[in-house]
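Survey of secondary and tertiary structure
Here are the chains, one letter per residue:
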Amino acid sequence: MPGHIYCFWAGRKGINTPLTSLQTIGKFGYIAALIPQYLSLCKMLPLFALPMMEMLSAVWGNFKFLLHSINIFFFWCWLEILGKQKTSPLTRKPEPEDGTKVKPTSVNYHFTRQCNYKCGFCFHTAKTSFVLPIEEAKRGLTMLKAAGMEKINFSGGEPFLQERGHYVGKLVQFCKEELKLPSVSIVSNGSLITERWFKLYGEYLDILAVSCDSFNEDVNKLIGRGQGKKNHVENLLKIRQWCQDYNVAFKINSVINRYNVDEDMNDEISLINPIRWKVFQCLIIEGENAGEEALRQVETFIISNKEFKGFLDRHRNIKCLVPESNEQMRNSYLILDEYMRFLDCRNGRKDPSKSILDVGIDNAIQFSGFDEKMFFKRGGKYVWSKADLRLEW
Ligand code: SF4
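None of the values given here were measured: they were computed from a predicted structure.

**Some words on the overall build of the protein**
When its secondary structure is counted, the protein shows 14 helices and ten strands. Split into buried and exposed, the 393 residues of the protein put 47% on the buried side. For the protein, long-range pairs separated by at least 24 residues make up 74% of all intrachain contacts whose partners lie at least 6 apart in sequence. As displayed, the protein has an accessible area near 21200 Å², and 58% of this comes from carbon and sulfur atoms.

Pasting the structure below:
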């Protein structure tokens, strides 16, 4: 090959050198003299065309690789920009950003979305009827315990709807007996709890929280807290008594909304004397109680921060009152849904992670949106085991 190239250039030099003498034989003579040179060049072409093609194809290959890399780089930049503007499970950055591990100290497991009530502001609605087989739920709870869980709260939907309370009862028993969790609690609307349930499972339960937004039955009906002729307040008082009889700490949860924001509950709460009265500001969650897809529309229930503060001021003498504004509520709970996926509420909706059963706790918890600082700030860690509580009724 190098020899042929040399001949080619040598040929060209050969043409130029005698040019002055060729000029004397005329233009046509000059062209005629070139023909054999070009013919020999054409004969040589196939000899170096193949290596040239190989070289060009190698250059093209490298060029293609470069283009592909540039493409990936720009796509990555685009994802980064998108991730900053609009957080989605694909683009969200693992939390926390300082690389420390989030410990699932206190977990709220909403194992069912089904409920027998129809509260207008409900922010965990019956979008599915799925409930994990109990052995799978126990597997997930065991994983959580291994990752540092100290407190589990079973919630819904209505937890006592599944297997008439036996499903939640068995999980409560498992968490206390097998996992030896310091705190096991349930949040319920109270309408389906029986004394028999307390006899079977009461000893394994630390805290039972019952939702009650009003001591006026008409207001409860307006809100949707009720089923048929059952009286919500009467139920509440009955459960309060069973808690005392079976040594379970009793808690009340109230959602302050348009219909109860002016109510004075001082007398009733003082009389019932719960260990904690959680007072929440009615919260908007896209896809649950707001937006086209939602099963509830919360607009008519919403109150301003000022109105919420007014309610808190009116009840400032109640020592067990624990207020939770929208801001405190939104990211300070580790919420697991019915598939054991963490729900990230940072963007005003519930974005699910993958299930802890599929990807493990460390992976899933990165997508929980959990604000550990806010959890401690709102008093999320308190005396939550009945062994440490002095239950004086
Ligand atoms: S009782 Fe709870 S889960 Fe049921 S509808 Fe009311 S807020 Fe929703």
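**As for the site of the ligand**
Around the ligand sit Cys 115, Tyr 117, Cys 119, Cys 122, Gly 157, Asn 189 and Arg 225, and those are all the residues in its vicinity. Here the shell around the ligand is composed, by residue class, of four nonpolar, two polar and one charged.

**Regarding the nonpolar core**
With 66 residues, the main nonpolar core has Tyr 109, Leu 141, Ile 152, Phe 154, Leu 208 and Trp 277 as its most contacted residues. Ranked by residue count, the leading element in this core is helix α5 (residues 166–178), at six residues. Those residues in contact with Ile 152 that lie beyond four places of it in its chain are Val 107, Tyr 109, Leu 141, Cys 175, Leu 181, Ser 183, Val 184 and Ser 185. Ranked by size, the runner-up nonpolar core spans 14 residues in total, among them Cys 119, Phe 121, Val 298 and Cys 345.

**Regarding the pattern of salt bridges**
The full count for this structure, using the stated rule, is twelve salt bridges. One salt bridge in this structure joins Glu 288 and Lys 127, with 3.4 Å as the shortest N-O distance. On the criterion of sequence distance, the pair formed by Glu 288 in the loop between β6 (276–281) and α10 (305–314) and Lys 127 in the loop between β1 (106–110) and α4 (134–146) is long-range, its members being 161 residues apart. A network of salt bridges, in which partner residues are shared, links Arg 113, Lys 127, Glu 288 and Glu 338.

**Here we look at the pairing of strand β10 (residues 351–355)**
Sheet topology note: the strand β9 (residues 341–344)/β10 ladder contains three bridges and is antiparallel. Bridge assignment links Leu 343 to a residue of β10, and that residue is Pro 352. The hairpin turn running from β9 into β10, its antiparallel successor, is six residues long, and Gly 348 in that turn takes a positive phi close to 75 degrees.

**Structural notes on unusual backbone geometry**
Glycine aside, negative phi is the norm for most residues, and most peptide bonds take the trans geometry. In this structure, Gly 157 follows Gly 156 across a cis peptide bond, with omega equal to 15 degrees. Locating Gly 157 in the fold gives a position in the loop between β2 (151–155) and α5. Positive phi, close to 55 degrees, is recorded for Asn 273, a residue that is not glycine. Checked against the element boundaries, Asn 273 lands in the loop between α9 (266–272) and β6.

**Let's talk about the packing of aromatic side chains**
What the rule picks out here adds up to 13 aromatic pairs. Ring geometry for Phe 130 and Tyr 339: centres 4.4 Å apart, planes at 20 degrees, overall stacked. Of the two residues, Phe 130 sits in the loop between β1 and α4 while Tyr 339 sits in the loop between β8 (334–336) and β9, which places them 209 residues apart along the sequence. With a relative accessible area of 29%, Phe 130 lands in the partly exposed category. Aromatic rings pair up to connect Phe 160, Trp 197, Phe 198, Tyr 201, Trp 242 and Tyr 246 into one cluster.

**Considering a nonpolar patch on the surface**
Together, Trp 60, Phe 63, Leu 66, Leu 67 and Ile 70 line one region of the surface with nonpolar side chains, adding up to about 500 Å² of accessible area. Tracing the backbone shows Leu 66 in helix α3 (residues 27–85).

**Focus on the pairing of β2**
Counted residue by residue, β2 has five buried out of five residues, so it is predominantly covered. With five bridges connecting them, β1 and β2 associate as parallel partners. Residue pairing in the sheet places Tyr 109 in a bridge with Phe 154 of β2. Taking the sense of rotation as the criterion, the β-α-β connection linking β1, α4 and β2 turns out right-handed.

**As for the side chain of Asn 116**
Inspection of the secondary structure puts Asn 116 in the loop between β1 and α4. Side chain to side chain, Asn 116 and Asn 189 meet in a polar contact 3.1 Å long. Of the polar contacts made by the side chain of Asn 116, one reaches the side chain of Ser 191; its length is 2.8 Å. Setting aside anything within four residues of it in sequence, one finds Asn 116 in contact with Glu 158, Leu 161, Asn 189, Ser 191, Leu 192, Gly 226 and Gln 227.

Each value, and the rule that gives it
- Residues numbered from 1 in each chain as written.
- Predicted model: local features only at pLDDT ≥ 70, side-chain atom pairs only at ≥ 80, totals over all residues.
- Heavy atoms only, no water.
- Helix = DSSP H or I, 4+ residues; strand = E, 2+ residues; numbered from the N terminus.
- Buried < 20%, exposed > 50% of the residue type's maximum accessible area, 1.4 Å probe, protein only.
- Contact = heavy atoms within 4.5 Å.
- Areas by Shrake-Rupley, 256 points an atom, 1.4 Å probe, with all protein chains shown as cover.
- Near = heavy atom within 4 Å.
- Nonpolar A, V, L, I, M, F, W, Y, C, P; charged D, E, K, R; others polar.
- Core = buried A, V, L, I, M, F, W, Y, C linked by side-chain atoms within 4.5 Å.
- Salt bridge = Lys/Arg side-chain N within 4 Å of Asp/Glu carboxyl O.
- Pairing = 2+ DSSP bridges.
- Phe/Tyr/Trp six-rings, centres within 6.5 Å; stacked < 30°, edge-to-face > 60°.
- Patch = residues over 30% accessible without salt bridge, like charges linked within 9 Å, V, L, I, M, F, W, Y side chains within 5 Å.
- Right-handed = clockwise from strand over helix to strand, strands pointing away.
- Polar contact = N/O pair within 3.5 Å; in protein donor to acceptor, adjacent residues only side chain to side chain.

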